[in-house]
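# Breakdown of the fold
Given next are the chains, with one letter for each unit.
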Amino acid sequence: MKRPDLDEMVRAIPDFAALLTVDEMNESSRHLAAQHPSIARLWEVGRSRRGEPLEALVIGSGPRVAVLVGLPHPNEPIGAMTCEYLAGRLCDDRSLGYRQDFTWVILKVADPDGSRLNEGWFRPPFTVNQYLRYFYRPPSHEQVEWTFPVTYKRFRSGPQLPETLALMRIIDELRPAVLFSLHNAAFGGVYWYLSHPLPQLYGELHAAAAGQGLPLARGEPELPYAVEFSTAVYRMPGLADIYDYLEQNGQEPLTARSGGTCSADYARSRYGTRTLVSEVPFFSHPKSDDTRPMGIGRQAAFLASAGWLERFHAEVGELFEQVAPRIPPNPFRSAVESFLVHAPRLAGAQRRWAESSVEPAAQATVAQDFDLRVISRIYRLRILAMLIRALPVDEPERGRAEVMLERHLQDLDSEMGHCRPFPIRKQVAVQVASVLSLVRYLQAAPQ
């Protein structure tokens, strides 16, 4: 694929006013397959836990297979919009060279049941408050992306989810050359995970973000044990990396982690599949790529963050214990219950890691401090927001939970006031450019 083709693909992305719902994406896929029967078809690869068909669009008939997965976590919808755009272009423009070289398998929604529980924030206004009020993320043992089979040391993954089995079916039957798991973070800057080091690609990825005015993630990596290939480009970890990190930092991996490994680890270990995970932020903040020294120690910032997390988990845990007998079974309850078990252990591992691995004299940058002091807190507030959704409307303690959430948001108000949503188009553009840059690299590489 020539660079002009890639540039044109990015320029042609429309200004999306809202995120599509699961029903809208399903209808769009069916319409596309009906309009282009000679090159596109729907493939039912499985059914969700609630019985909803999981339909992948299969486009083209090239010798190599590229798989795109949208909504690998149900609170991360930008990848589904990227799938939506690329599917349409692949069908409409027969002159595109990469359609001739690849068969494209596009699963827009990997977790439709969970995604529907987030649709309350898929329409404007896109605010942090709206995001929290309608947020849902399943516990690790119910995440499609992190329940692939694996055996490591004493860890044995449990039964796979129906949705995971559906994605495994695609991988096992087609043995793709490349797998794109399309994620998006809520806050911060752009970053990527790669299953293999590809130095030729790093500049292209950085340019994809710069071309849209999105900052790179220059603060603390999402995972303390992440192996950095280049700025904001990391090696994709698997279950073994998580297990070793927990074990080395004083936590029992079998009680601090559940589920399995990720799709990238599964596909790479069995078929040598290359994977690109692109994480684009939904909300912006000017501190996300500010590398000036903050004037405080990085280790001290880590330990302060761990202390806040421990206190917060204890506060929410106490409330949950009081109201749990009155909460009916529902997805929000299950998520809160699981996160309250695992999150304190992760905070403990962070504390131990910082004490042993971060030089006390090292200074934190503005971006690192922002990640530890603000973004990590917002992510934990999602647990409290899900607890509110779990509680019956007439539960007296629901008001207490609301006050608790409001108090924590007010504590962050001076920072949150600077958060703005990136236009959906720009987020999609970064992913489209990232996907097509790797496709172009594979086209030039020998099979």
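Residues numbered from 1 in each chain as written. Predicted model: local features only at pLDDT ≥ 70, side-chain atom pairs only at ≥ 80, totals over all residues. Heavy atoms only, no water.

## Comments concerning the overall build of the protein
Under the convention used in this document: Secondary structure elements follow DSSP: runs of H or I no shorter than four residues count as helices, runs of E no shorter than two count as strands, and numbering proceeds from the N terminus. For every residue, the accessible area obtained with a 1.4 Å probe (protein chains only) is divided by the maximum for its type, and the residue is called buried under 20%, exposed over 50%, and partly exposed between those limits. We get accessible surface area from the Shrake-Rupley algorithm with a probe of 1.4 Å; when it comes to residues, only the shown protein chains can shield them. When charges are counted, neither His nor the chain ends are considered; positive counts come from Lys and Arg and negative counts from Asp and Glu. For this purpose, a charge sits on NZ of Lys, CZ of Arg, CG of Asp or CD of Glu.
Within the protein, the regular secondary structure consists of 17 helices and 14 strands. Viewed in the frame of its principal axes, the protein has a C-alpha envelope of about 60 × 50 × 45 Å. Counting only residues that meet the buried cut, the protein has 61% of its 447 residues in that class. For the protein, the accessible surface area stands at approximately 17200 Å², while carbon and sulfur atoms represent 50% of it. The protein carries 49 positive and 52 negative side-chain charges, and their two centres are separated by 3 Å.

## Remarks on the nonpolar core
The criterion, for reference: Among the buried residues, those of types Ala, Val, Leu, Ile, Met, Phe, Trp, Tyr and Cys that are joined through side-chain atoms within 4.5 Å form a nonpolar core.
Counting residues in each nonpolar core, the largest one holds 125 residues, and the members touching the most others are L19, I59, W104, F180, F187, W192 and L387. Per-element tally for this core: the top contributor is helix α14 (residues 366-390), with 13 residues. One finds L54, A56, V65 and L179 within the second-largest nonpolar core, a separate group that totals 21 residues.

## Re the side chain of T21
Rule in force here: We call two residues in contact whenever any of their non-hydrogen atoms come within 4.5 Å of each other.
Tracing the backbone through its elements, the reader meets T21 in the loop between α1 (3-11) and α2 (22-35). Dropping the residues within four chain positions of it, T21 is found in contact with E119 and R123.

## As for helix α17 (residues 424-444)
Short version of the rule: Helix span is expected to be 1.5 Å times the residue number reduced by one.
Helix length check: α17, at 21 residues, gives a terminal C-alpha distance of 31 Å against a target of 30 Å (1.5 Å per residue), a fit within 8%. Where burial is concerned, most of α17 is hidden: 18 out of the 21 residues are buried.

## Brief notes about the state of the cysteines
Defined as follows: The rule for a disulfide is simple: a pair of cysteine sulfur atoms within 2.5 Å.
Counted under the stated rule, the structure contains zero disulfides. Left without a disulfide partner, C83 is nearest to the cysteine sulfur of C91, which lies 13 Å away. Exposure remark for C83: the relative accessible area of 0% places this residue in the buried category.

## Describing unusual backbone geometry
The linkage connecting P124 with the following residue, P125, adopts the cis geometry, with an omega of 5 degrees. Looking at the element boundaries, P125 is found in the loop between α5 (112-116) and α6 (128-133). Of note, L71 is a non-glycine position whose phi angle comes to about 45 degrees, a positive value. Among the secondary structure elements, L71 is positioned in the loop between β3 (64-69) and α3 (78-92). The exposure class of L71 is buried, given its relative accessible area of 0%. Non-glycine residue R175 carries a positive phi angle of around 45 degrees.

## A closer look at the environment of R373
What counts, and what does not: A 3.5 Å cut-off defines polar contacts: any pair of N or O atoms within that distance qualifies, except that in protein one atom must be a possible hydrogen donor and the other a possible acceptor, and neighbouring residues in sequence count only when both atoms are side-chain atoms.
With respect to the helices and strands, R373 occurs in helix α14. Residue R373 is classed as partly exposed on the basis of its relative accessible area of 30%. Along the sequence, R373 and F302 sit 71 residues apart, while their C-alpha atoms lie 8.6 Å from each other. In this structure R373 touches K287, L412 and E415, once residues within four positions along its chain are discounted. There is a polar contact of 2.9 Å between the side chain of R373 and the side chain of E415.

## Regarding the pattern of salt bridges
Selection criterion: Definition used for salt bridges: Asp or Glu carboxyl oxygen within 4 Å of a side-chain nitrogen of Lys or Arg.
Summed over all chains, the structure comprises 28 salt bridges. With its nearest N and O atoms 2.9 Å apart, the salt bridge here joins R235 to D241. Classification of D241 by relative accessible area gives partly exposed; the value is 22%. Close ionic contact of E395 with R326 constitutes a salt bridge, the shortest N to O distance being 2.8 Å. With a gap of 69 residues between them, E395 in the loop between α14 and α15 (397-411) and R326 in the loop between α12 (298-323) and α13 (331-357) connect regions that are remote in the sequence.

## Details of the pairing of strand β8 (residues 191-194)
What counts here: Here, a strand pair is defined by DSSP locating no fewer than two bridges between the strands.
Residues Y191 and Y193 line one face of β8 and the alternating positions W192 and L194 line the opposite face, and both faces are buried. Summarising the sheet, β8 and strand β11 (residues 274-284) pair through four bridges and their orientation is antiparallel. In the sheet register, W192 faces β11, and the bridge partner there is S278. Looking at chain direction, β8 and strand β10 (residues 233-235) are connected through three bridges and run parallel. Bridging from a neighbouring strand, L194 pairs with R235 of β10.

## A look at the packing of aromatic side chains
To be explicit about the condition: When two rings of Phe, Tyr or Trp (its six-membered ring) have centres within 6.5 Å they constitute a pair, described as stacked for plane angles under 30 degrees, edge-to-face for angles over 60, and tilted for the intermediate range.
On inspection of all chains with the given rule, the structure shows 20 aromatic pairs. Look at F102 and W104: their rings are 6.0 Å apart centre to centre, the planes differ by 55 degrees, and that puts the pair in the tilted class. You can call W104 buried: its relative accessible area is 1%. Summarising the aromatic geometry, the rings of W121 and F282 are spaced 5.4 Å apart at their centres and angled 90 degrees between planes, so their arrangement reads as edge-to-face. Of the two residues, W121 is situated in the loop between α5 and α6 and F282 in strand β11; the sequence distance between them amounts to 161 residues. F282 sits in the buried class, given a relative accessible area of 2%. An aromatic cluster of at least three residues, connected via ring pairs, comprises W121, F122, F126, Y131, F135, F187, F282, F283 and Y379.

## Side note on α2
Since one α-helical turn is 3.6 residues long, residues separated by three or four positions face the same way. Over its 14 residues, α2 runs 20 Å from end to end, which matches the ideal 20 Å to within 8%, given 1.5 Å per residue. For α2, the secondary structure elements touched by its buried residues are β1 (40-47), β2 (53-59), α3 and α5.

## Some remarks on the packing of α3 against α17
Operational definition: Note on definitions: angles span 0 to 180 degrees between N-to-C directions of axes, and those axes are lines fitted to C-alpha atoms, for helices only across the stretch in contact. Every angle not falling under 35 degrees, over 145, or within 65 to 115 is termed oblique; those three ranges are roughly parallel, roughly antiparallel and roughly perpendicular. We call a crossing left-handed when the near helix sits turned anticlockwise from the far one by less than a right angle, and right-handed when that turn is clockwise. Side-chain classes are defined by residue name, with Ala, Val, Leu, Ile, Met, Phe, Trp, Tyr, Cys and Pro counting as nonpolar, Asp, Glu, Lys and Arg as charged, and the others, Gly among them, as polar.
Close contact between α3 and α17 brings their axes to 9 Å; oriented N to C, the two are set at 65 degrees. On the basis of their axis angle, the class for α3 and α17 is roughly perpendicular. Where α3 crosses over α17, the handedness of that crossing is right-handed. The residues of α17 that touch α3, namely those facing I78, G79, M81, T82, Y85 and L86, are I424, Q427, V428, Q431, V432, V435 and L436. Taken together, the residues that form the contact of α3 with α17 break down as nine nonpolar, four polar and no charged.

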